[in-house]
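Here are the chains, one letter per residue:
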Amino acid sequence: MKVFHARGQDALSEERGPTFTGTVWADPIMPATDKVTINNVFFSPGARTFWHTHEHGQVLNVVAGCGWVCKAGEAPQQIRTGDIVWIAPHERHWHGAAAGSYMVHTATSLGVTSWEEEVANKDYPAASA
Ligand code: MN
């Protein structure tokens, strides 16, 4: 057992870069422990991840705002405050904010995350979720 205390007042958020489009900030709230990592992630309007997969899956808990989650080969699905998303192991997907709203989710990631290419503008919904 290990307790991860809430972040201190002097803790710095991390701006996420090369595998995200737009401005994305993250607070690591549980560093990788037994292949489980938990991050609070803030996506500014229009920001999203690149395409990626998770070795053992991922749970997203939307805590504020609204946005999109998209499985490869399917249409993006709206997500908003209170929604929970289960992403199956090795399922190719992306997630992020709507064009007109920020979105904050707690992401519980299981195993290794494998990053792929950027989500093309043509595949990102211009309409607000
Ligand atoms: Mn993911």
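About the thresholds
- Residues numbered from 1 in each chain as written.
- Predicted model: local features only at pLDDT ≥ 70, side-chain atom pairs only at ≥ 80, totals over all residues.
- Heavy atoms only, no water.
- Core = buried A, V, L, I, M, F, W, Y, C linked by side-chain atoms within 4.5 Å.
- Buried < 20%, exposed > 50% of the residue type's maximum accessible area, 1.4 Å probe, protein only.
- Helix = DSSP H or I, 4+ residues; strand = E, 2+ residues; numbered from the N terminus.
- Polar contact = N/O pair within 3.5 Å; in protein donor to acceptor, adjacent residues only side chain to side chain.
- Contact = heavy atoms within 4.5 Å.
- 1 Å grid on protein atoms, 1.4 Å probe; cavity = no way out; pocket = protein on both sides within 12 Å on 5 of 7 lines; lining within 4 Å.
- Points joined across faces, edges and corners; volume = space filled by probe spheres on them.
- Nonpolar A, V, L, I, M, F, W, Y, C, P; charged D, E, K, R; others polar.

Colleague: Explain the nonpolar core here, please?
Modeller: Inside soluble globular proteins, nonpolar side chains tend to come together where they are buried. Ranked by size, the top nonpolar core spans 15 residues in total, and within it Val24, Phe43, Leu60, Val69, Ile79, Val85 and Met103 carry the most contacts. Where this core is concerned, the elements lending two or more residues are strand 3 (24–33), strand 4 (36–43), strand 7 (58–71), strand 9 (84–87) and strand 11 (103–110). Per element, the largest residue contribution to this core is three residues, and it comes from strand 7. With eight residues, the next largest nonpolar core counts Trp51, Cys66, Cys70 and Ala98 among its residues.

Colleague: What am I meant to see in the side chain of Gln58 here?
Modeller: Structurally, Gln58 can be placed in strand 7. For Gln58, a relative accessible area of 3% gives the class buried. At a separation of 3.0 Å, a polar atom in the side chain of Gln58 contacts the side chain of Ser109. Contacts of Gln58, omitting those with residues within four sequence positions, involve His52, Val85, Trp86, Ile87, His93, His95, Ala107, Thr108 and Ser109.

Colleague: Would you explain the layout of surface pockets in this entry?
Modeller: If you add up the space inside the largest pocket, you get close to 270 Å³. The wall of the largest pocket is formed by 18 residues, among which Arg16, Asn39, Ser109, Thr113 and Trp115 lie closest to the centre. Ranked by the residues each element gives to the lining of the largest pocket, the list is headed by strand 4, at four residues. Here the lining of the largest pocket is built from residues that sort into five nonpolar, 12 polar and one charged.

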